[in-house]
Amino acid sequence: MYKRILLPTDGSEASRRAIQSAIDFARATGAELVAMTATPEFHTLTTDSDMLEQTPEGYAQASQARGQRLLDEVLAAARDAGVPCTGVQVVSDEPYEAIIASARQHMCDLIVMASHGRRGIKGLLLGSETQKVLVHSAIPVLVHR
């Protein structure tokens, strides 16, 4: 059925819940996982307090460390379940594009991701990364609610 599943994570509670479901699904189908996380690029002009307080190098190091912590969480859970898993960090201002590109690059035949369920005007104006992946991906997407 599925051989390789991309599992994007951003550290949110919804994403954490999707991790275990994806691991269970991968184990049931005999697939391997590719866990991935995307970090925004450093910008000199920004409203992101993490970027305002750091140098580009400091931001890159902090982002790398945070991304690795997120991936380590998935790698440990997959290992405990006996599911083969690798981790990938990507730097991109457009997470949905990074998710789709990573799925293609790693020859994934399914993307499993959380639905963050933004509502109201914020959801209307910003949209969700999940929605963007659903609209733009040629690879099937399983959304964990």
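Thresholds, definitions, all that
Residues numbered from 1 in each chain as written. Predicted model: local features only at pLDDT ≥ 70, side-chain atom pairs only at ≥ 80, totals over all residues. Heavy atoms only, no water. Helix = DSSP H or I, 4+ residues; strand = E, 2+ residues; numbered from the N terminus. Buried < 20%, exposed > 50% of the residue type's maximum accessible area, 1.4 Å probe, protein only. Axes fitted to C-alpha atoms, helices over the stretch in contact; angles between N-to-C directions. Parallel < 35°, antiparallel > 145°, perpendicular 65-115°, else oblique. Left-handed = near helix turned anticlockwise from the far one by under 90°. Contact = heavy atoms within 4.5 Å. Nonpolar A, V, L, I, M, F, W, Y, C, P; charged D, E, K, R; others polar. Salt bridge = Lys/Arg side-chain N within 4 Å of Asp/Glu carboxyl O. Pairing = 2+ DSSP bridges. Right-handed = clockwise from strand over helix to strand, strands pointing away. Patch = residues over 30% accessible without salt bridge, like charges linked within 9 Å, V, L, I, M, F, W, Y side chains within 5 Å. Areas by Shrake-Rupley, 256 points an atom, 1.4 Å probe, with all protein chains shown as cover.

A. Quick peek at unusual backbone geometry. Phi angles above zero are rare outside glycine, and M107 is one such case at about 55°. Of note, M107 is situated in the loop between helix 4 (95-105) and strand 4 (110-114). The exposure class of M107 is exposed, given its relative accessible area of 65%.

B. Highlighting the packing of helix 4 against helix 6 (residues 129-136). Two elements in contact, helix 4 and helix 6, have axes whose closest approach is 8 Å; the angle formed by their N-to-C orientations is 50°. Our classification of the angle between helix 4 and helix 6 gives oblique. In this structure, helix 4 meets helix 6 at a crossing whose hand is right-handed. Residues P95, Y96, I99 and I100 of helix 4 form the contact with helix 6, whose own contacting residues are E129, K132, V133 and H136. When the residues that make up the contact of helix 4 with helix 6 are grouped by side-chain class, the tally is 5 nonpolar, 1 polar and 2 charged.

C. Region of interest: helix 4. Every buried residue of helix 4 is accounted for by Y96, A98, I99, I100, S102 and A103. Along its buried surface, helix 4 packs onto strand 1 (4-8), strand 2 (32-39), strand 3 (85-91), strand 4 and helix 6. Looking one or two residues beyond helix 4, the residue adopting positive phi is M107, at roughly 55°.

D. Looking closely at the pattern of salt bridges. Across all of its chains, the model carries 4 salt bridges by this definition. Note that E73 and R16 form a salt bridge whose closest N and O atoms lie 3.0 Å from each other. Taken as a pair, E73 in helix 3 (residues 56-81) and R16 in helix 1 (residues 13-29) lie far apart in primary sequence, 57 residues in all. When the shortest N-O distance is used, the salt bridge between E129 and K132 registers 3.6 Å. Within this pair, E129 and its partner K132 are both found in helix 6, separated by 3 residues, close to a single helical turn. Residue E129 is classed as partly exposed on the basis of its relative accessible area of 26%.

E. Representation of the pairing of strand 2 in the model. Along strand 2, 6 of the 8 residues are buried, which leaves the element largely enclosed by surrounding structure. Here 5 bridges tie strand 1 to strand 2, and the two strands are oriented parallel to one another. When the bridges of strand 2 are listed, I5 appears paired with L33. In terms of handedness, the path from strand 1 via helix 1 over to strand 2 forms a crossover that is right-handed. Two elements, strand 2 and strand 3, share 7 bridges in a ladder whose sense is parallel. Residue A38 lies in a different strand from strand 3, and its bridge partner there is V90.

F. Main features of a nonpolar patch on the surface. A contiguous nonpolar surface patch, about 230 Å² in accessible area, is contributed by L134, V135 and V143. By the element assignment, V135 lies in helix 6. Here V135 falls in the exposed class, since its relative accessible area comes to 55%.

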